[in-house]
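Residue strings, one per chain:
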Amino acid sequence: MMNNLTQQNTFFYNQIAESVVTNEPIFNLTNGGKIKLSKSAVYLINKLTQYEARSPESGGVLLGRFIKDSKNIVVDKVTTPMKGDKQTRYLFKRLSPLHQLIIDSEWNKSNGTCNYLGEWHTHPELVPTPSGIDIRDWKRKLKTDTFSSRFLYFIIAGTRSINMWEGDRRTNEIRGLEPISDI
C-alpha cells in the first residue's frame, strides 16, 4: 500500500510527465529539412524518462521514413529496452539482438520505407546534453552501422525536454538540432 509521501511523489512525477513533451516535436535539419517525432514515439520515450531517483537510463533505436520529394523525415517508431540490454542510473547500452530483428522486420514489412534512423536514450537531467561517452558512441555508429542516408539522428530525453543531434557520416561531426514549433 502506498504511503502519503509515495502518493505525492507519484502524483508529482505524473504531473511532470504530462507537462513535458506530449506533442510531436519537430527539429530543423542541417540540410534545410525537418524531422518530426510521432506521438507514439514520444509516448514511449516519455514513459521511460528518468523522473525517479532510482530509474535507470533507457533507450533504443529510431525507425521512420524519408518523406518523398522533400528533405523531411518522420520518426514513426522507437524500440525500448529489451532483455540483454545494459541499464544503470547513468548508462544505457543496447546489447540485445532483438533491436536488429525489429529493424529488419520493419524494413521488410514496409517494403523498404521504414528505415533505421538512429538511437535514443534518457538522461536524469532537466535539459539533456550528450556525455563524452555518448559522442564517442555516436561517432562509432556513424562509421560502423549500416544505414541508407548520410546522417544518423540521436535523441536524449531529459526530464523537461527532448533534444536531438545529427551525425554526418562523411565528416563524422555531431551537430545539435534546433527545435521548432511547426512543420
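Residues numbered from 1 in each chain as written. Predicted model: local features only at pLDDT ≥ 70, side-chain atom pairs only at ≥ 80, totals over all residues. Heavy atoms only, no water.

1. What to know about helix 4 (residues 132-144)
- Over its 13 residues, helix 4 runs 18 Å from end to end, which matches the ideal 18 Å to within 8%, given 1.5 Å per residue.
- Taken as a whole, helix 4 has its buried residues at Asp134, Trp138, Lys141 and Leu142. Taken around the axis of helix 4, the buried residues stretch over an arc of 100°, which confines them to a single face. Away from its buried face, by an angle of more than 90 degrees, helix 4 presents the exposed residues Ile133, Arg136, Lys143 and Thr144.
- Residues of helix 4 that are buried sit in contact with strand 7 (115-122), strand 8 (151-157), strand 9 (162-168) and strand 10 (174-176). (Helix = DSSP H or I, 4+ residues; strand = E, 2+ residues; numbered from the N terminus. Expected span 1.5 Å × (residues − 1). Buried < 20%, exposed > 50% of the residue type's maximum accessible area, 1.4 Å probe, protein only. Arc of directions from axis to C-beta. Contact = heavy atoms within 4.5 Å.)

2. Thoughts on the sheet that holds strand 4 (residues 73-78)
- With mixed pairing, nine strands are arranged side by side in an open sheet as 10-9-8-7-3-4-2-1-11. The open sheet has two edge strands with one neighbour each: strand 10 and strand 11 (179-180).
- For strand 3 (residues 59-66) and strand 4, the ladder comprises five bridges, and the chain directions are antiparallel. Across the sheet, residue Phe66 finds its bridge partner in strand 4, namely Ile73.
- Packed on one face of the sheet, helix 3 (residues 98-109) meets strand 3, strand 4 and strand 7 and runs near 15° to strand 3. (Pairing = 2+ DSSP bridges. Axes fitted to C-alpha atoms, helices over the stretch in contact; angles between N-to-C directions.)

3. Here we look at the packing of aromatic side chains
- Counted according to the given criterion, the structure contains two aromatic pairs.
- Seen from their ring centres, Trp138 and Phe154 are 4.6 Å apart, and the 10° between their planes marks the pair as stacked. With Trp138 in helix 4 and Phe154 in strand 8, this pair connects stretches of sequence that are 16 residues apart. With respect to burial, Trp138 and Phe154 carry one shared label: buried.
- With 5.6 Å between their ring centres and 40° between their planes, Trp138 and Trp165 make a pair best called tilted. On the criterion of sequence distance, the pair formed by Trp138 in helix 4 and Trp165 in strand 9 is long-range, its members being 27 residues apart.
- Here Trp138 falls in the buried class, since its relative accessible area comes to 3%.
- Members of the aromatic cluster, connected to one another through ring pairs, are Trp138, Phe154 and Trp165. (Phe/Tyr/Trp six-rings, centres within 6.5 Å; stacked < 30°, edge-to-face > 60°.)

4. Quick notes on the environment of Gly118
- Structurally, the position occupied by Gly118 is in strand 7.
- Separated by 37 residues in the primary sequence, Gly118 and Ile155 have C-alpha atoms spaced 8.2 Å apart.
- Once residues lying within four places of it in the same chain are set aside, the contact partners of Gly118 are Gly60, Val61, Leu62, Leu152 and Tyr153.

5. Details of unusual backbone geometry
- Phi angles above zero are rare outside glycine, and Asp69 is one such case at about 60°.
- Residue position: Asp69 is located in the loop between strand 3 and strand 4.
- Residues other than glycine seldom take positive phi values, yet Asn172 does so here, at roughly 60°.
- Note that Asn172 resides in the loop between strand 9 and strand 10.

6. Details of the nonpolar core
- Membership of the largest hydrophobic core comes to 20 residues, with the highest contact counts inside it found for Ile35, Leu37, Leu62, Val75, Tyr153 and Met164.
- Residue assignment for this core shows that the elements contributing at least two residues are strand 2 (34-37), helix 2 (39-47), strand 4, strand 7, strand 8 and strand 9.
- If you tally residues by element for this core, the top one is strand 8, at four residues.
- For Val75, the contacting residues outside a window of four places in its chain are Ile35, Lys36, Leu37, Ser38, Ala41, Leu62, Leu63, Gly64 and Leu117.
- Counting residues in hydrophobic clusters, the runner-up holds 13 residues, among them Val61, Cys114, Ile156 and Trp165. (Core = buried A, V, L, I, M, F, W, Y, C linked by side-chain atoms within 4.5 Å.)

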